[in-house]
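One-letter residues, chain by chain:
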Amino acid sequence: METNELNTPGYEIPSELQEQVAITTLDRLYNWGRRASVWPMMFGLACCAIEMICTAASRFDTARFGMEIMRPSPRQSDLLLVSGTVTKKMAPTIVRLYNQMPEPKYVIAMGACASGGGPFKEGYNVVSGIDRFIPVDVYIPGCPPTPQALLNGLIKLQEKISTQSIKTARWYQKGPAEAIPIPILGPDLIDPRKIPQIKGQKS
Ligand code: SF4
């Protein structure tokens, strides 16, 4: 990163010191480090995952963004890249993995399936988008999105991280973060948060 990207605008630094000195804020410095070291979870669901794997290979190279270390454990990851069709059988596992990730954590919905069900939207076994269960930070359209589209999504995530502040970020607020209730898979998939509503409709 160039030091002029780290500098807070509005402060004049003498030209002879511009390579050695930066005047910045804690948020800017903190976000600079975080956005260049996001660790995605090594995890794919369907055909979009092939494009995700390809993006990590040498031709596209996510190492340029500091994101090449795909971790095999949610406990070491801060980016859940949902790449592929989310089936009702898989949704409880995805939510469980999300809950196991430490804060700060982010979610990218890669492709039409993860974003809204895609070509299988009306299927009996498919969830119409992972955002029904977990918060999504960036949606990437396409079926499948190209590696370039995924890179663009990663850049959008970096832009989002750049705007966050230590004062307002949820992981620095008082009290533990609430885990998202794991969906219950029976004859259909039930979101436990909607049980009172379902009971109300029944009565
Ligand atoms: S969006 Fe298209 S390419 Fe991606 S998982 Fe769905 S069907 Fe496959």
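See the structure printed just above.
### Thoughts on the overall build of the protein chain
Part 1 of the reasoning: For the protein chain, the helix and strand inventory stands at seven helices and five strands.
Part 2 of the reasoning: What you see in the protein chain, going N to C, is helices and strands ordered as α-α-α-β-α-β-α-β-α-β-β-α.
Part 3 of the reasoning: The dimensions of the protein chain, computed from C-alpha atoms along their principal axes, are 75 × 45 × 25 Å.
Part 4 of the reasoning: Out of the 203 residues belonging to the protein chain, those deemed buried represent 29%.
Part 5 of the reasoning: Taking all contacts inside the protein chain whose residues are at least 6 apart in sequence as the whole, residues at least 24 apart take part in 72%.

### Looking at the site of the ligand
Part 1 of the reasoning: Around the ligand, the surrounding shell consists of Ala46, Cys47, Cys48, Gly84, Thr85, Gly111, Ala112, Cys113, Gly118, Pro119, Cys143 and Pro144.
Part 2 of the reasoning: Taken together, the elements giving at least two residues each to the shell around the ligand come down to helix 3 (47-56) and helix 5 (111-116).
Part 3 of the reasoning: Residue contributions to the shell around the ligand peak at three residues, all from helix 5.

### Things to note about the packing of helix 3 against helix 6 (residues 147-162)
Part 1 of the reasoning: For the pair helix 3 and helix 6, interaxial distance at closest approach is 9 Å and the crossing angle is 75 degrees. In this view, helix 3 runs roughly perpendicular relative to helix 6, as classed from their interaxial angle. Facing helix 3, whose interface residues are Glu51, Met52, Cys54 and Thr55, helix 6 presents Pro147, Leu150 and Leu151.
Part 2 of the reasoning: Broken down by class, the residue content of the contact of helix 3 with helix 6 amounts to five nonpolar, one polar and one charged.

### Things to note about the nonpolar core
Part 1 of the reasoning: The biggest cluster of nonpolar side chains holds 37 residues, and the ones touching the most others in it are Val82, Val86, Ile108, Ala109 and Met110.
Part 2 of the reasoning: Going through the elements one at a time, helix 3, strand 1 (79-83), helix 4 (91-100), strand 2 (106-110), helix 5, strand 3 (138-140) and helix 6 are the ones with two or more residues in this core.
Part 3 of the reasoning: By residue number, the principal contributor to this core is strand 2, which donates five residues.
Part 4 of the reasoning: Once residues within four sequence positions are removed from consideration, Val86 is found in contact with Leu45, Ala91, Ile94, Cys113, Ala114, Val126, Val127 and Ile130.

### Section: the sheet that holds strand 2
Part 1 of the reasoning: Taken in spatial order, the three strands make up an open sheet running 1-2-3, and their pairing is parallel. Strands with a single pairing partner mark the edges of an open sheet, and in this sheet they are strand 1 and strand 3. Geometrically, the sheet is characterised by an average inter-axis angle of 15 degrees between neighbouring strands, direction not taken into account.
Part 2 of the reasoning: In the packing of helix 3 onto the sheet, the strands contacted are strand 1 and strand 2, and the crossing angle to strand 1 comes to about 130 degrees.
Part 3 of the reasoning: Docked against the sheet, helix 6 engages strand 2 and strand 3, running at close to 165 degrees with respect to strand 3.

### Some details on helix 4
Part 1 of the reasoning: For helix 4, every residue scored as buried is listed here: Ala91, Ile94 and Tyr98. Projected down its long axis, helix 4 carries its buried residues within an arc of 60 degrees, all on one side.
Part 2 of the reasoning: In this structure, the buried side of helix 4 is in contact with strand 1 and strand 5 (189-190).

### Looking at the pairing of strand 1
Part 1 of the reasoning: Extensive coverage of strand 1 is indicated by the burial of five of its five residues.
Part 2 of the reasoning: Along strand 1, one buried face is formed by Leu79, Leu81 and Ser83 and the opposite face, lined by Leu80 and Val82, is buried too.
Part 3 of the reasoning: Bridge count for strand 1 against strand 2 is five bridges, and the pairing is parallel. Each residue of the ladder has a partner; that of Leu80, found in strand 2, is Val107.

### Thoughts on the environment of Pro141
Part 1 of the reasoning: Along the polypeptide, Pro141 turns up in the loop between strand 3 and helix 6.
Part 2 of the reasoning: A sequence separation of 32 residues divides Pro141 from Ala109, and the C-alpha atoms of the two residues are 8.6 Å apart.
Part 3 of the reasoning: Look past the residues within four positions of Pro141 in its chain and what remains in contact with it is Ala112 and Ser115.

### Some remarks on the packing of helix 2 (residues 26-35) against helix 6
Part 1 of the reasoning: Axis separation between helix 2 and helix 6 bottoms out at 9 Å; the angle between their running directions is 155 degrees. Here helix 2 is positioned roughly antiparallel relative to helix 6, judged by the angle of their axes. For the pair helix 2 and helix 6, the sense of crossing is right-handed. Together, Asn31, Arg34 and Arg35 of helix 2 and Gln158, Ile161 and Ser162 of helix 6 make up the contact between the two elements.
Part 2 of the reasoning: Taken together, the residues of the contact of helix 2 with helix 6 break down into one nonpolar, three polar and two charged.

Cut-offs used in this document
- Residues numbered from 1 in each chain as written.
- Predicted model: local features only at pLDDT ≥ 70, side-chain atom pairs only at ≥ 80, totals over all residues.
- Helix = DSSP H or I, 4+ residues; strand = E, 2+ residues; numbered from the N terminus.
- Buried ≥ 20, exposed ≤ 12 C-beta atoms within 10 Å, placed from the backbone.
- Contact = placed C-beta atoms within 7 Å.
- Near = placed C-beta within 6 Å.
- Axes fitted to C-alpha atoms, helices over the stretch in contact; angles between N-to-C directions.
- Parallel < 35°, antiparallel > 145°, perpendicular 65-115°, else oblique.
- Nonpolar A, V, L, I, M, F, W, Y, C, P; charged D, E, K, R; others polar.
- Core = buried A, V, L, I, M, F, W, Y, C linked by C-beta atoms within 7 Å.
- Pairing = 2+ DSSP bridges.
- Arc of directions from axis to C-beta.
- Left-handed = near helix turned anticlockwise from the far one by under 90°.

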